[in-house]
Structures are given as C-alpha cells and as structure tokens.
Amino acid sequence: MHGINQYFNQPMMIEQNYLISVLSALLPGYKNNTFYTQEKIDEKFRNKLTAEMSTYADQGISKFPVVIDIIGPIIKYSDWWYTGTQTILNVLKSLEMDERISGVLFNIDSGGGMGDGTRELADFIFNMKKPTIGYSNGWVCSAAAYLFAPCKLKILNPHASWIGSIGTYIPFANYDGIYEKLGAVFQDIYAPESSLKNLPWREMVDNQNPALFEQMAKSFNDEFLYDVKRFYGDQLKDDGKVFKGDVYRPSEALAIGLVDELCSIEEAINKF
C-alpha cells in the first residue's frame, strides 16, 4: 500500500528540514522492503494502548488517563512505520465513549506532514468532552502544531526542540526527466472540455508559473490559520511572526501563549 500518502505536489504542513530527514529515512525502507503493512502498524498502535489500559486495570484503578503517541510525520493513512490520522481518529472515538478514560495525553514529536486529513482529526480533538493535554519533548511543528492546538491544556518539556511553523507550502516535483532517461516518452492529451484539469501542474511545468499552486496552498493555509486562532482564542498573542510560519523554543512559546506551561511528562499526566 506504500505510496497512498503523498509528499509532493499537494499542500503540506511540514518543516522542510524535517521533510528532507523523513524522505532520507524512507529511502532505505523502499530499498530493503522493511516497511510494515497498514494492519501491522495499526495492530502495534492498538496493542500499546491496550497494554497501557490493562496496567491500570491490573492495579485495580477504574478510571485513568491514556497516552496517544503522535511521533513521526503526520500522514492520513497508516503506512511505512507511522500511524495515520484516520486510525488515531477511530481510536479516539472509542476512547471518548469509554467511561474508564479520565483524559487523553497526546505525546507529540513531529515536524508536521500532510494537510489532508489533519484538520478532521484536529477538529475532533477540539470537540472532545474528555480532558485533553498536548505534550512534547521534541518537535511540534506545522501539522503537528495543528493537532497540538486543540488540546485543552498545552505543555512542553523545558528541553523540547521547536514549536510553530504554522503555515502551508507545496513541494513541487517533476519526474519526467527520470522517465525520459529510461526511454519513456509521455504526452498528455486532454479532452477539449477539460481546459482546467491539472491546470496548476501544467502551469508549473509549461510556464514555470506557481500562481495556481500558491492558491491551493493558500486555501489550506486559510483553514489552518482560522482553526489555530479558533482553538487558542485570546490566549495566543500575534507577535507578527507566529502566523507566518516562524518557530519557537519552549520559553519563547510560553511567552506568546503557544503553550500553557513547561514541565515533564510525568507532571503533565498527573494533571488529569
């Protein structure tokens, strides 16, 4: 199923340095065929959660919080080695109905990922009746910040890396040169009525004109900014940089209201 999640030619909410590191990590997986199946990824994710809940039950604790790991690139469908937002969404729907669950802590370490699917999960988190905490001791950038923002309490470890990068862009890639080197020749022939079909792509390839791709990115980004402002309310101060994609260290994030406080994950869990 590898390849369902796309990193090029569509709106992305990801730090570029992080994207490069993700792609370089994926290359050996393709070469050595070491990727997990979607079923295996989801099984591991659910088994970890079940084991966590069983630990509380074995101790006779009837009401307890759970930790949901969002580590690695944000993707819509579970693939490679990473859990997709659709799987996390389905699990959260079950947890929201489970009377044993006192709250959910999202343990995030991600430089972002796909725009597609992220808003749906963020909106569900925002509307959860269970108490939610967003926590990180690493990266909370772009799409990851989208999932952090709707949590009712937002916490960073004092030694976390970066938070922010609230913005959208489209990594453009044209593979025609590779195919031509292999001897393949492509020619796209459109129906006369299909004048707008693939127009952003054609404008980039034929005229080096990014304007239509910019419009696509803006459409996603307008929703991103609207939601972040909605999730934070008056808590987040616009310093002139935060909504333009800048990144912040923990103390800087605390100063403008990107986070509520700085503490360890153990202290965060004890807040439930």
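Residues numbered from 1 in each chain as written. Predicted model: local features only at pLDDT ≥ 70, side-chain atom pairs only at ≥ 80, totals over all residues. Heavy atoms only, no water.

Bringing the overall build of the protein into the picture now. Helices and strands together make up the secondary structure of the protein, namely 10 helices and 10 strands. Radius of gyration (C-alpha) of the protein: 20 Å, near the 19 Å computed for a compact globule of 272 residues. Summarising its shape, the C-alpha atoms of the protein cover approximately 65 × 45 × 35 Å along the three principal directions. Buried positions account for 44% of the 272 residues belonging to the protein. (Helix = DSSP H or I, 4+ residues; strand = E, 2+ residues; numbered from the N terminus. Rg over C-alpha atoms; globule rule 2.2 N^0.38 Å. Buried < 20%, exposed > 50% of the residue type's maximum accessible area, 1.4 Å probe, protein only.)

This part takes up the packing of helix H4 (residues 118-127) against helix H8 (residues 211-232). Interhelical geometry of H4 versus H8 gives an angle of 10° and a closest axis separation of 12 Å. As far as their axial angle goes, H8 and H4 are roughly parallel. Like other packed secondary-structure pairs, H4 and H8 cross with a definite hand, here left-handed. Along its contact with H4, which presents Arg 119, Ala 122, Asp 123 and Phe 126, the element H8 presents Glu 223, Tyr 226, Asp 227, Arg 230 and Phe 231. Of the residues belonging to the contact of H4 with H8, the class tally is 4 nonpolar, no polar and 5 charged. (Axes fitted to C-alpha atoms, helices over the stretch in contact; angles between N-to-C directions. Parallel < 35°, antiparallel > 145°, perpendicular 65-115°, else oblique. Left-handed = near helix turned anticlockwise from the far one by under 90°. Contact = heavy atoms within 4.5 Å. Nonpolar A, V, L, I, M, F, W, Y, C, P; charged D, E, K, R; others polar.)

Moving on, we get to the packing of aromatic side chains. All told, the structure shown has 7 aromatic pairs when counted by the stated rule. Ring plane angle 0° and centroid distance 4.7 Å describe the contact between Tyr 56 and Phe 64, whose orientation is recorded as stacked. What makes Tyr 56 partly exposed here is its relative accessible area of 21%. Ring geometry for Phe 126 against Phe 231: centres 4.8 Å apart, planes inclined by 40°, an arrangement best described as tilted. Note that Phe 126 is positioned in helix H4 and Phe 231 in helix H8, a separation of 105 residues in sequence. In this structure an aromatic cluster arises from ring pairing among Tyr 30, Phe 35, Trp 81 and Tyr 82. (Phe/Tyr/Trp six-rings, centres within 6.5 Å; stacked < 30°, edge-to-face > 60°.)

Let us now look at the environment of Asp 79. Here Asp 79 lies in the loop between strand S2 (64-71) and helix H3 (85-97). On a C-alpha basis, the gap between Asp 79 and Arg 100 in space is 30 Å, while along the polypeptide they are 21 residues apart.

Just distances and angles here, no functional claims.
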